[in-house]
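# Structural characterization, general
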Amino acid sequence: MAIERTLSIIKPDAVAKNVIGQIYSRFEGAGLKVIAARMMHLSRNDAEAFYGVHRERPFFKDLVEFMISGPVMVQALEGEGAILKNRDLMGATDPKKAAAGTIRADFADSIDANAVHGSDAPETAAVEIAFFFPGMSIHSR
Ligand code: RTP
Ligand code: MG
């Protein structure tokens, strides 16, 4: 399988629970390398733009409010099949449906406060990485 990059966000609930390191350990344990990272508090504009594909969905307003409720940790991950591998580590969107041992099963409280984001396809990964890491701050290794 090809080496890919994907965009990951540790959401405000997981940052507040102080589990950034535990989540990074899961990335590392699966062979995913952190090649760029920044902690930030998203503006409303950032959150609305980032989740723009969901603008017409009933949960959009709650999603934006949640994503701006506290700081997030944003990282680009690199590795073999990184996009699917990260989605597998994350588990299902609704933590009640997430497989045992996944990040969402272990750290998420609800479908709204669900601990992590991960890109869902190569095209979205490229757009999302460029959104948070424009320019020179990526270190392929
Ligand atoms: P994400 O984009 O955050 O990685 O999550 P995902 O791919 O697993 O889920 P997606 O369909 O892209 O939805 C984005 C976020 O919106 C919230 N959501 N709520 N109430 C609902 O039915 C509902 N559906 C989605 C979730 O917080 C989800 O992470
Ligand atoms: Mg998604």
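By the naming in an unreviewed UniProt entry, the protein is Nucleoside diphosphate kinase, taken from Quisquiliibacterium transsilvanicum. The protein has a UniProt comment under Cofactor (unreviewed entry) that states "Mg(2+)". Under the heading Function (unreviewed entry), UniProt records this for the protein: "Major role in the synthesis of nucleoside triphosphates other than ATP. The ATP gamma phosphate is transferred to the NDP beta phosphate via a ping-pong mechanism, using a phosphorylated active-site intermediate."

## Points about helix 7 (residues 122–132)
Ala125, Glu128, Ile129 and Phe132 are the residues of helix 7 that are buried. Projected down its long axis, helix 7 shows its buried positions confined to an angular sector of 100°, all on one face. What points out from helix 7, more than 90 degrees from its buried face, is the exposed set Glu123 and Val127. In this fold, the buried residues of helix 7 make contact with strand 1 (3–10), strand 2 (33–40), helix 3 (44–50), strand 3 (72–80), helix 5 (82–90) and strand 4 (116–118).

## Let's talk about the site of ligand 1
Inspection of the region around ligand 1 gives 14 residues, with Lys11, Tyr51, Thr93, Ile111 and Asn114 positioned closest. One of the side-chain N or O atoms of Lys11 is found 2.8 Å from an oxygen atom in ligand 1. Contacts to ligand 1 include Ile111, whose backbone N or O atom sits 2.6 Å from an oxygen atom. Within the residue set of the shell around ligand 1, elements represented by two or more residues are helix 5 and strand 4. Within the shell around ligand 1, the residues separate by chemical class into five nonpolar, five polar and four charged.

## Examining the nonpolar core
Grouped together as the largest cluster of nonpolar side chains are 22 residues, with contacts concentrated most on Leu7, Ile9, Leu42, Met67, Val74, Phe132 and Phe133. Of all the secondary-structure elements, those providing two or more residues to this core are strand 1, strand 2, helix 3, helix 4 (60–67), strand 3 and helix 7. Sort the elements by how many residues they give to this core and helix 4 lands first, with five residues. Excluding residues within four positions of it along the chain, Met67 makes contact with Ile9, Lys11, Pro12, Leu42, Ala47, Tyr51 and Val72. Ile10, Leu77, Phe107 and Val116 belong to the second largest nonpolar core, which has 18 residues in total.

## Re the UniProt feature "binding site: ATP" (unreviewed entry) in the protein
Here, UniProt's "binding site: ATP" (unreviewed entry) annotation points to Lys11, Phe59, Arg87, Thr93, Arg104 and Asn114. Along the chain, Lys11 falls in the loop between strand 1 and helix 1 (12–16). Looking at Lys11, the relative accessible area reads 4%, which means it is buried. If sequence neighbours within four positions are ignored, Lys11 has contacts with Tyr51, Phe66, Met67, Pro71, Val72, Arg104, Asn114, Ala115, Val116 and His117.

The rules we used
- Residues numbered from 1 in each chain as written.
- Chains lettered and ligands numbered in written order.
- Predicted model: local features only at pLDDT ≥ 70, side-chain atom pairs only at ≥ 80, totals over all residues.
- Heavy atoms only, no water.
- UniProt positions renumbered as here; feature names shortened; annotations may be inferred.
- Buried < 20%, exposed > 50% of the residue type's maximum accessible area, 1.4 Å probe, protein only.
- Helix = DSSP H or I, 4+ residues; strand = E, 2+ residues; numbered from the N terminus.
- Arc of directions from axis to C-beta.
- Contact = heavy atoms within 4.5 Å.
- Near = heavy atom within 4 Å.
- Polar contact = N/O pair within 3.5 Å; in protein donor to acceptor, adjacent residues only side chain to side chain.
- Nonpolar A, V, L, I, M, F, W, Y, C, P; charged D, E, K, R; others polar.
- Core = buried A, V, L, I, M, F, W, Y, C linked by side-chain atoms within 4.5 Å.

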